[in-house]
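# Chain and residue survey
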Amino acid sequence: MTIRLYNTRTRRKNELNPHSPDNVRMYVCGPTVYSRAHIGNARPVVVFDVLYRLLRHDYGDSAVTYVRNFTDVDDKINARALETKQNGETLEQAVRRITDETIGWYHEDMDALGALRPTHEPRATEYIAKMVAMGEDLISRGHAYVAEGHVLFDTKSDPDYGSLSRRPLDEMRAGARVEVAPYKRDPMDSVIWKPSTDEQPGWDSPWGRGRPGWHIECSAMAADLLGPQFDIHGGGIDLQFPHHENEWAQSRCVGHDFADIWMHNGYLQVEGKKMSKSEGNFFTVDELLKQGIPGEVMRLVMLMTHYRSPIDWTEKTVEEAEKALRKWRGLVSDVEKPLPPHAGVLSCLRDDLNTPQALSWLHMMSNPPAGNERDSFRLLKGGAMLMGLLGDEMGGWDALPEADQGTSARIDALLAQRAAAKAEKDFGKSDMIRDALIAAGVEVKDMPGGAQWSLTPSFDAAKLDGL
């Protein structure tokens, strides 16, 4: 049993050698909670959920500690609170209302995608004291300084800064979008602590009332919950710099080795374009659910591309995922005791979470040689469940609509008209009726004993009117 994962830190696949096999530890950066999660936010959740499931399979359910945080102190949250503040609310109360509501939405949406809840889901505001203590430690070691009520990480004090991004400091400085402020010694210096106005959320500190910067939050939470050295740190590729670079630098400078393996999933685009509201291709998970795209289908779409590659979300891939899941669910509908995951599935997942190759094994199991169907379908379900698919809790969406008596009579009458037209060699009319039935979501199969029909998920009875 060997798991190999691509390590951004080394730029190659490294074997996972947990510091403690009875406590494999993983930290993944979670959302800033001020709005509903979009499908790009959902990708790292699905990716690291598969890894979490694999680790639990290989080491035991109780031998894995998975931490994913909630950033609930941030200027974007403050701005949203100002926009939506209700009568009689303080800004702090509005912030709490928004963050509580958004965390609830996040749980609903990620549950719909079949993601297991992490072991710990810390809120940044619960760890302010730890962040202040880390800031004091950095100052005492000469890696941070105080300026105009701010505490700033002294980038130049860390000779290894840039080792995660593999870029020299001058190159990062030239290309970075950083806040240029007169109180900074260097534009690249990141904020550990900043002052708050009387209205803004804030906490007491040696440097005055204020709030933490983004990077120190994860440094403090990860160290407190997982220790100064742990096994895996994950997140989207957009977090590699500056967030993860600064997070690791700050931790390193207080003597924490931090994560052995750093993993980053690729971007998500829609129909070949970057997802943005201006393009009209920005979708939240909740919006897609309301459009009738099941969470299990969204999950499979994200597993069809290797996690390190960019993923293109298209109508075609959604249709392919739904078609595959309907087929698989039909095949395993009477499987009560799945077999353990096939060695081929496990081998693919242990090789840097190669989910596309693992899915190819599932496709093979869904098309077994004659006589091997029973065991193949049991293996299909067992392998799929390891990837968070085909579980009973994700089912129900695949039930096909049932026709009432009036609808059945109407379809039968149309097919009788079609048969009569074909007998009279009026193929134009027969094709028109068939096309109209298909457009309404009625699947028609011509059999030796006559046409047979069934309703598809897209059936719309209104489209039969006027035929």
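As the structure is a prediction and not an experimental result, all values here were calculated from the model. (Residues numbered from 1 in each chain as written. Predicted model: local features only at pLDDT ≥ 70, side-chain atom pairs only at ≥ 80, totals over all residues. Heavy atoms only, no water.)

## Things to note about the overall build of the protein chain
Heads up, the condition is: Where helices and strands are cited, they refer to DSSP runs of H or I of at least four residues and of E of at least two residues respectively, numbered from the N terminus. Relative accessibility thresholds used throughout: buried, under 20% of the residue-type maximum; exposed, over 50%; partly exposed, between the two (1.4 Å probe, protein chains only). Contacts are assigned to residue pairs with any non-hydrogen atoms lying within 4.5 Å of each other. Under the convention used here, a 1.4 Å probe and the Shrake-Rupley method define accessible areas, while residue burial counts only the protein chains that appear. Within this scheme the basic residues Lys and Arg register as positive and the acidic residues Asp and Glu register as negative, but His and the chain ends are omitted. Working definition for charges: the position is that of NZ of Lys, CZ of Arg, CG of Asp or CD of Glu.
If you tally the helices and strands in the protein chain, you get 15 helices and 15 strands. A buried classification covers 52% of the 467 residues belonging to the protein chain. Of the contacts formed within the protein chain by residues at least 6 apart in sequence, a portion of 73% connects residues at least 24 apart. Roughly 21,500 Å² of accessible area belongs to the protein chain as shown, and the carbon and sulfur atoms make up 48% of that amount. Charge centroids of the protein chain, computed over 55 positive and 70 negative side chains, lie 3 Å from each other.

## A closer look at the pattern of salt bridges
Note the cut-off: Salt bridges are counted wherever a side-chain nitrogen of Lys or Arg sits within 4 Å of a carboxyl oxygen of Asp or Glu.
All chains considered together, the criterion is met by 32 salt bridges. Residue arginine 68 is joined to glutamate 121 by a salt bridge in which the shortest nitrogen-to-oxygen separation is 3.3 Å. Taken together, the residues span a long stretch of sequence, with arginine 68 in strand S4 (residues 64-68) and glutamate 121 in the loop between helix H3 (91-112) and helix H4 (128-140) at a distance of 53 residues. Taking relative accessible area as the criterion, arginine 68 reaches 4% and is therefore assigned buried. On the basis of relative accessible area, glutamate 121 is assigned to the partly exposed category, the value being 21%. If you follow the salt bridges from partner to partner, you end up with Arg36, Glu108, Asp109, Asp286 and Lys290 in one network.

## Focus: the packing of helix H1 (residues 39-59) against helix H11 (residues 343-350)
Operational definition: Orientation is described by axes fitted as lines to C-alpha atoms, over the contacting stretch for helices, and by angles from 0 to 180 degrees between their N-to-C directions. Every angle not falling under 35 degrees, over 145, or within 65 to 115 is termed oblique; those three ranges are roughly parallel, roughly antiparallel and roughly perpendicular. By definition, any crossing whose near helix is turned counterclockwise from its far helix by less than a right angle is left-handed, and any crossing with a clockwise turn is right-handed.
Across the interface, H1 lies against H11 with an axial gap of 11 Å and an inter-helix angle of 120°. Put simply, H1 runs oblique to H11. The handedness of the crossing between H1 and H11 comes out as left-handed. Only Leu346, Leu349 and Arg350 of H11 make contact with H1, whose side of the interface consists of Val50, Leu54, His57 and Asp58.

## Quick look at unusual backbone geometry
With an omega dihedral of 10°, the bond running from phenylalanine 241 to proline 242 counts as a cis peptide bond. With respect to the element layout, proline 242 can be found in helix H7 (residues 240-252). You will see that glutamate 271, though not glycine, has its phi angle at about 50°, which is positive. Tracing the backbone shows glutamate 271 in the loop between strand S11 (268-270) and strand S12 (273-274). The phi dihedral of leucine 353 falls on the positive side, at around 50°, and the residue is not glycine. Among the structural elements, leucine 353 can be located in the loop between H11 and helix H12 (355-365). A residue is classified by how much of its surface remains accessible, and leucine 353, at 2% relative accessible area, is buried.

## A short note on the nonpolar core
The condition is simple: Among the buried residues, those of types Ala, Val, Leu, Ile, Met, Phe, Trp, Tyr and Cys that are joined through side-chain atoms within 4.5 Å form a nonpolar core.
Of all hydrophobic cores here, the largest spans 70 residues; its most connected members are Ile39, Leu51, Met110, Met263, Trp313 and Leu362. With residues up to four places along the chain from it excluded, the contact list for isoleucine 39 reads Leu268, Val270, Met275, Phe283, Val285, Leu288, Met302 and Trp313. Core analysis: the next-biggest nonpolar cluster, separate from the first, contains 37 residues, Val73, Ile216, Cys218 and Phe258 among them.

## Re the side chain of arginine 329
Just so we agree on the cut-off: In protein, a polar contact requires one atom able to donate a hydrogen and another able to accept it; more generally it is a pair of N or O atoms within 3.5 Å, and residues adjacent in sequence count only if both atoms are side-chain atoms.
Looking at the element boundaries, arginine 329 is found in helix H10 (residues 315-331). Here glycine 391 takes part through its backbone oxygen, which lies 2.8 Å from a polar atom of the side chain of arginine 329. Not counting residues up to four positions away in its chain, the partners in contact with arginine 329 are Glu296, Leu390, Gly391, Met394, Gly395, Trp397 and Asp398.

## A short note on the packing of aromatic side chains
Basically, it comes down to this: Two aromatic rings, drawn from Phe, Tyr or Trp (for Trp, its six-membered ring), form a pair once their centres lie within 6.5 Å of each other, and the interplanar angle then sorts them: stacked below 30 degrees, edge-to-face above 60, tilted otherwise. Charge over a ring is defined by NZ of Lys or CZ of Arg lying within 6 Å of the ring centre and within 35 degrees of the ring normal.
Going through the model one piece at a time under the given rule, you end up with seven aromatic pairs. Where phenylalanine 70 meets tyrosine 106, the ring centres are 5.7 Å apart and the plane angle is 85°; that geometry is what we call edge-to-face. One end of the pair, phenylalanine 70, is in the loop between S4 and helix H2 (75-84); the other, tyrosine 106, is in helix H3, and 36 residues separate them in sequence. Aromatic side chains phenylalanine 230 and phenylalanine 258 sit 5.0 Å apart centroid to centroid with 70° between the ring planes, which places their arrangement in the edge-to-face category. Of this pair, phenylalanine 230 sits in strand S9 (residues 229-236) while phenylalanine 258 sits in strand S10 (residues 258-265), and the two are 28 residues apart along the sequence. For phenylalanine 230, a relative accessible area of 0% gives the class buried. Three or more aromatic residues joined by ring pairs form one cluster here, namely Phe230, Trp248, Phe258 and Trp262. Above the face of the tyrosine 145 ring, arginine 185 is positioned so that its terminal group lies 3.9 Å from the ring centre.

## Description of the environment of isoleucine 98
Its place among the elements puts isoleucine 98 in helix H3. When the C-alpha positions of isoleucine 98 and proline 338 are compared, they lie 42 Å apart, and in sequence the two are 240 residues distant. Those residues within four positions of isoleucine 98 in sequence are excluded, and the remaining contacts are Val33, Tyr34, Arg80, Ala81 and Thr84.

## Quick look at the side chain of aspartate 231
For aspartate 231, the location among the structural elements is in strand S9. Arginine 25 provides the closest opposite charge to the buried, salt-bridge-free aspartate 231, at an N-O distance of 4.2 Å. A polar contact is formed between the side chain of aspartate 231 and the backbone nitrogen of histidine 19, at a distance of 3.0 Å. There is a polar contact of 2.8 Å between the side chain of aspartate 231 and the backbone nitrogen of arginine 25. When near neighbours in sequence (up to four residues on either side) are disregarded, aspartate 231 contacts Leu16, Asn17, Pro18, His19, Asn23, Val24, Arg25, Asp260 and Ile261.

## Looking at the sheet that holds S12
Keep this limit in mind: Two strands qualify as a pair provided DSSP detects at least 2 bridges between them.
Taken in spatial order, the three strands of this open sheet run S12-S11-S13, and their pairing is mixed. Strands at the two margins of the open sheet, each flanked by one partner only, are S12 and strand S13 (311-313). For S11 and S13, the ladder comprises three bridges, and the chain directions are parallel. Looking across to S13, one finds that valine 270 is bridged to tryptophan 313.

## Concerning the layout of surface pockets
To locate leftover empty space, one rolls a probe as large as a water molecule over the atoms. Going by this rule: A pocket here means an open set of points on a 1 Å grid, computed over the protein atoms alone, that has protein on both sides within 12 Å along at least five of seven lines. A cavity is instead a set of points where a 1.4 Å probe fits but cannot get out; residues with an atom within 4 Å of a point line either one. Grid points are joined across faces, edges and corners, and a volume is the space filled by probe spheres set on the points. Each residue gets one label: Ala, Val, Leu, Ile, Met, Phe, Trp, Tyr, Cys and Pro are nonpolar, Asp, Glu, Lys and Arg are charged, and the others, such as Gly, are polar.
Approximately 610 Å³ is the volume found for the second largest pocket. Lining the second largest pocket are 23 residues, with Ile293, Glu315, Val318, Glu319 and Glu322 sitting closest to its centre. Residue contributions to the lining of the second largest pocket peak at six residues, all from H10. In terms of residue class, the lining of the second largest pocket is made up of 11 nonpolar, six polar and six charged.

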